Each structure stands twice: as C-alpha cells, then as structure tokens.
There are 2 protein chains.
Amino acid sequence: MRIAVIGLGLIGGSLAWDWTQAGHEVWGLSRNPETTRYAQDQGIISGSLKELGELAGEDWDVVAVCTPIGEVLPTIAALAEVVAPTTTVTDVASVKGSLVRSATALCAGFVGGHPMAGTAAQGIRAAQRGLFQGAVYALTPLPQTQTLGLQRLEKLIRDLGAEALICDPDEHDQAVAAISHLPVWVSAALIATASQQGSLAWRLASSGFRDTSRVGGGNPQLGVGMAQANQQALLGQLQRYQAHLAQIQTWIEQGNWDCLRALLEQTQRQRQQFRGCRSS
Amino acid sequence: MRIAVIGLGLIGGSLAWDWTQAGHEVWGLSRNPETTRYAQDQGIISGSLKELGELAGEDWDVVAVCTPIGEVLPTIAALAEVVAPTTTVTDVASVKGSLVRSATALCAGFVGGHPMAGTAAQGIRAAQRGLFQGAVYALTPLPQTQTLGLQRLEKLIRDLGAEALICDPDEHDQAVAAISHLPVWVSAALIATASQQGSLAWRLASSGFRDTSRVGGGNPQLGVGMAQANQQALLGQLQRYQAHLAQIQTWIEQGNWDCLRALLEQTQRQRQQFRGCRSS
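Below is a short write-up of the structure. (Residues numbered from 1 in each chain as written. Chains lettered and ligands numbered in written order. Predicted model: local features only at pLDDT ≥ 70, side-chain atom pairs only at ≥ 80, totals over all residues. Heavy atoms only, no water.)

**Some points on the overall build of chain A**
Each helix and strand counted, chain A has eleven helices and nine strands in total. Counting only residues that meet the buried cut, chain A has 56% of its 280 residues in that class. Accessible area for chain A stands at about 11,200 Å²; split by element, carbon and sulfur atoms hold 47% of it. Side chains of chain A carry 20 positive and 23 negative charges; the gap between the two charge centres is 8 Å. (Helix = DSSP H or I, 4+ residues; strand = E, 2+ residues; numbered from the N terminus. Buried < 20%, exposed > 50% of the residue type's maximum accessible area, 1.4 Å probe, protein only. Areas by Shrake-Rupley, 256 points an atom, 1.4 Å probe, with all protein chains shown as cover. Lys, Arg positive; Asp, Glu negative; His and termini not counted. Charge placed at Lys NZ, Arg CZ, Asp CG, Glu CD.)

Structure (structure tokens):
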C-alpha cells in the first residue's frame, strides 16, 4: 500500500519502520526536518513530506495520524480537505469515544485505532522495529465506518505481527481507563505514601515495590494527557477503585482475615485470566 | 560457623544452601522427613535433625528459625530451653516489633532478621543458591541485644552476597507496611476494579497493568499473613494512601492538570531515588 505517516515519534516511527520492512511505500511528515532526515537515513520511511498539502491529488491508501492527541482532530480536519474520499485515515490516540465521532464527521474514510504497546521513551530515535509484535491493536469503528478502511488496517496490523481487536469506542475508553489510566494514579499515590516514610523505606524496597510503582514514576506529560482526554471514564474507575479499597480497609480493621483471603484468592485467579489472554 | 536452620522452605533452604557453599557446617530441621532427605541429597545441608531437643548440649553458633511467622515465638521458647546462652538465635519473619521484644525476653541470644528477597514459589524445591545476592537483609537489634550475635549475622549476611541494614524494629514495620504490605492491597483493588470491566479490559491490558497488578495476584496466604502480623502499621499506611488518592480525585474532577503534572513530576523523581538505592 501507499502510506503516509503524520508525526514521526515513537509510535509513528515504529509503525512506519515495520510497514516499510513489510514492503509498503511509506512517506513521513514531521514538523522537524531533522526528524524526517533521520527517518529517511535509517530506512524508516521511503520519502518525506513537508506539509499536508503535498498529499493532494495523489493516490494514498492509508494516512496514519500519529501526532500528540491534542493535534489529531485539527490534522484530520486539514486532511479531509486534501485526500481522496477513498483514502483511509486513522489515528493512534489512546482515547477514542468523542474523538472518533468528531473525526468520522470530518472525514468519511476515518477509522479509529489504538496500538497497545509503547515504551517510556519518546521521539524518532526511540522508534524500533517489532515494537507491536504480539501486541493487541484496537480498532474502534462506528456503524458508518467504511469496510474498505477496516480491511486495509487489519492487513497492516497483521504486517506488524499484532492482533487486531475490534471494539466500540466508548467501551474501549472505559476499559483503558481501568487497565491503563487508573494504574498511573494508583501507582503514583503509592510512591507518594512510601516517600513519607523516609529513606529506610527506600532502602528496604524490593521487586514488589519496583513493579507496583513503575507506571506512577513514568512520563508525567503522558499520564496527565490521558487523564485529561479520558476524564469521566477515569473518575468512574477511580470511584470503583476507592470502594474496593474502603472494603479492604474495613476488613483489615475488623481482622476479617477470611474475607481478605477470599479476595486475594479471587484476584489471583482473575489475574491468571489476564496472563492467559496475553500469552495466547 | 556451626549453624542450625529450623524450617526448610524457600527462605530457610536458600539460606542453608548459601551458607553450606560458603563452608559453614549447616544442619537442617523440618517436620517433613522428605524435606530433610531432599535437602541432604542436594547438598543444601550437611546433616539433619529430627527435633529441637537434639540441639541440647552441643555447641551451636547460630540457630536460624525460618518457620511460618505464627510458629516463630513457640519455636524460640522451645529453643531457649535447650541451646547455650552464647548461641545466637535469629528469625526471618517480615514483621519485627512485638515479635523481637517477646523473642528477646525469651532468649537473650536473639537477634531479629528479615532478608528482603523471595519468589512467588514455596517449599524446599523452590530453594535456590544466590537468592539473596545483592539484596538488603534487615537486622533489628534492641538496646540489650548481644554484640556477638550481630557480628555473627553480619558475617553470614556477607556470605550471602547481601547487605546488612541495621534498623529499629518498629521503624522496620512502618517501612515494610508502606513498601511491601500496602502494595498487595493497592494492587488487589486494581485487579478487582478492572475485573468489573469484563473481558475487553483483559484483552487490552498490557505491560503497565501486568506490573501494577503483580503483587495483588500473588500468594493469598502470604498477603493475609502480613496484614495480620502488621495490622496497625498497615492501617496507618492505608489511611495515608487514601488521602493521596482523594486529593488526586479532587484534582481530576477540577481539571487541575497543573497540580496533577506536578505530582507525577515529583513521584517520577522520588522513584528514581529508589532505583538509585537498589542499583548501588
């Protein structure tokens, strides 16, 4: 296929690289000429674009918008003016509901996407081949979404070695609020609590603390951006979370070890389901 | 040194193995004859004991009580009747305050200990050489603790490749409540919350969820045992944790992204201090 990737950061760069390797013709656009030069030198892209207008009058199969989430809609509005109606436009933003509805209204060829992979690093120099190997890649069509676009993206997702998962945009947002956005704050509150204990706690901390605190010690801009974009779903999950924790607190106060044991037996089983899903 | 290890599970077995390798004469005692037979066949111990009474009238430098936490005090009470006053008796329980005071009252040669390492596995077959390599090993003396016992244990800890950290028993319990016991419930509540979302959440979950949920999906018996043994300190930490989370909820409701960003910038810096400690 003939593909344009708009925004060559970690995600855009890694997608472009795998698609180039899979034999597609991939062009890249970045605000920073240094970035496109690096991407072309590394063989991440076949050619570079300087502005969206250059996409006009040419035959593109897929345009992937991989900008920061705040620039996705303005970019799609601009693309709708220049690309053919048969061009599939997609994005990689981690929140989908209202964004997908607005983008589809602007651009009939739009299909929302969200690859569930990443690293703590940022920028084109963090791009890597095989980043999405074995990962889930969510696609969030609306009833009016074009079948052609879905099929093209399913093919491109297979070329990444990833697994396409088709789901409703609002259900996607609820799910990622629970498994991706909530953990950031759960983990950050743990770091804040442990820090009140002073240096002894830091010296005694070992692998359990390291793992539980990882996402709360991650990229602040990313954590806040997700909370902002998925505010209502995150608040709902935070409320459910606090109810579980209040129940735990009551049981510990009461010395209700049987209920606490039953809870940990249940969460042990539940987590095994998750691991089973991922290893299959 | 001449050492007896009482209780040959993951911790007792791994300690015995490293000390045997370091050239000490290590005898083991287990309720299960199968366990001592395996330990002797593998070269984990040099000899086996059938009951505590066999320790009487012989010259032991160190007796390490590695039973489940509920059996530590009864074992030490029985040991105090049979071992010489110059024998150092230690334990490996993960909660120290009142246990150390009671054990010291029972047995003048007692020195509380807590190696900060482990795996999810249990039993002698999970024992491994080098389990404590690079780990912190807390020692929690009281003012009346014998210097000879501390020195012997510091030597044995060096032989494990671990780092001895001397701290107050009650401060130890506060610190482990924050960095080891609290994370279990923080993580379990996350699994319980995500499970309410159904299978889509499990399919979208990736490495961030995997890490944050690990200790909440661990050994239920261990998690409840620690809550039971360290109830008051854990409740205090849980309260502090809930206050941090309530603050985060308010900021998300208010859309106070600046305060949320400042918090994540702080937790990012704080966690880097922890990583620095561990890698040194």
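There is more to say, and it comes next.
**Description of helix H4 (residues 97-106) of chain A**
Residue and element names in this part refer to chain A. Those residues of H4 not exposed but buried are Gly97, Leu99, Val100, Ala103 and Thr104. Down the axis, H4 shows its buried residues gathered within 165° of arc, on one side only. Opposite its buried face, H4 presents the exposed residues Ser98 and Ala105, each directed more than 90 degrees away. On the buried face of H4, the contacting elements are helix H3 (72-82), strand S5 (88-91), strand S6 (110-111) and helix H6 (169-195). (Arc of directions from axis to C-beta. Contact = heavy atoms within 4.5 Å.)

**Some words on the sheet that holds strand S1 (residues 2-6) of chain B**
Judged by pairing direction, the sheet is parallel, and its six strands sit side by side in the order S3-S2-S1-S4-S5-S6 (chain B) without closing on themselves. At either margin of the open sheet sits one strand with a lone partner, and together these are strand S3 (47-49) and strand S6 (110-111) of chain B. (Pairing = 2+ DSSP bridges.)

**Concerning the packing of H6(A) against helix H6 (residues 169-195) of chain B**
Packing of H6(A) against H6(B) leaves a shortest axis separation of 11 Å and a crossing angle of 160°. Comparing their axes, H6(B) and H6(A) come out roughly antiparallel. Handedness of the H6(A)/H6(B) crossing: right-handed. Counting all contacts with H6(A), which are made through A:Ala178, A:Ile179, A:Leu182, A:Pro183, A:Val186, A:Leu190, A:Thr193 and A:Ala194, the residues of H6(B) involved are B:Ala178, B:Ile179, B:Leu182, B:Pro183, B:Val186, B:Leu190, B:Thr193 and B:Ala194. Split into classes, the residues belonging to the contact of H6(A) with H6(B) amount to 14 nonpolar, two polar and no charged. (Axes fitted to C-alpha atoms, helices over the stretch in contact; angles between N-to-C directions. Parallel < 35°, antiparallel > 145°, perpendicular 65-115°, else oblique. Left-handed = near helix turned anticlockwise from the far one by under 90°. Nonpolar A, V, L, I, M, F, W, Y, C, P; charged D, E, K, R; others polar.)

**Concerning the relation of the copies chain B and chain A**
With an axial shift of 0.0 Å and an RMSD of 0.0 Å, the rotation relating chain B to chain A amounts to 180°. Taken together, the rotation and translation describe the operation of a two-fold axis. Closest approach to the rotation axis within chain B is made by the C-alpha atom of B:Thr212, at a distance of 2.2 Å. The residues that chain B uses at the interface reappear at the interface of chain A in 100% of cases, marking a shared surface. (Least-squares fit on C-alpha atoms with pLDDT ≥ 70 in both.)

**Observations regarding the state of the cysteines**
Residues and elements named next belong to chain A. Here the structure, examined in full by the defined rule, presents zero disulfides over all chains. The cysteine Cys107 is free of any disulfide, with Cys66 supplying the nearest cysteine sulfur at 15 Å. With a relative accessible area of 6%, Cys107 lands in the buried category. (Disulfide = S-S within 2.5 Å.)

**Remarks on the environment of A:Thr36**
Residues and elements named next belong to chain A. Inspection of the secondary structure assignment puts Thr36 in helix H2 (residues 33-41). By relative accessible area, Thr36 is classed as buried at 9%. As a C-alpha pair, Thr36 and Gly7 span 29 residues in sequence and 9.5 Å in three-dimensional space. Not counting residues up to four positions away in its chain, the partners in contact with Thr36 are Leu8, Gly28, Leu29, Ser30, Ile45 and Ser48. A polar atom in the side chain of Thr36 sits 3.0 Å from the backbone oxygen of Pro33. (Polar contact = N/O pair within 3.5 Å; in protein donor to acceptor, adjacent residues only side chain to side chain.)

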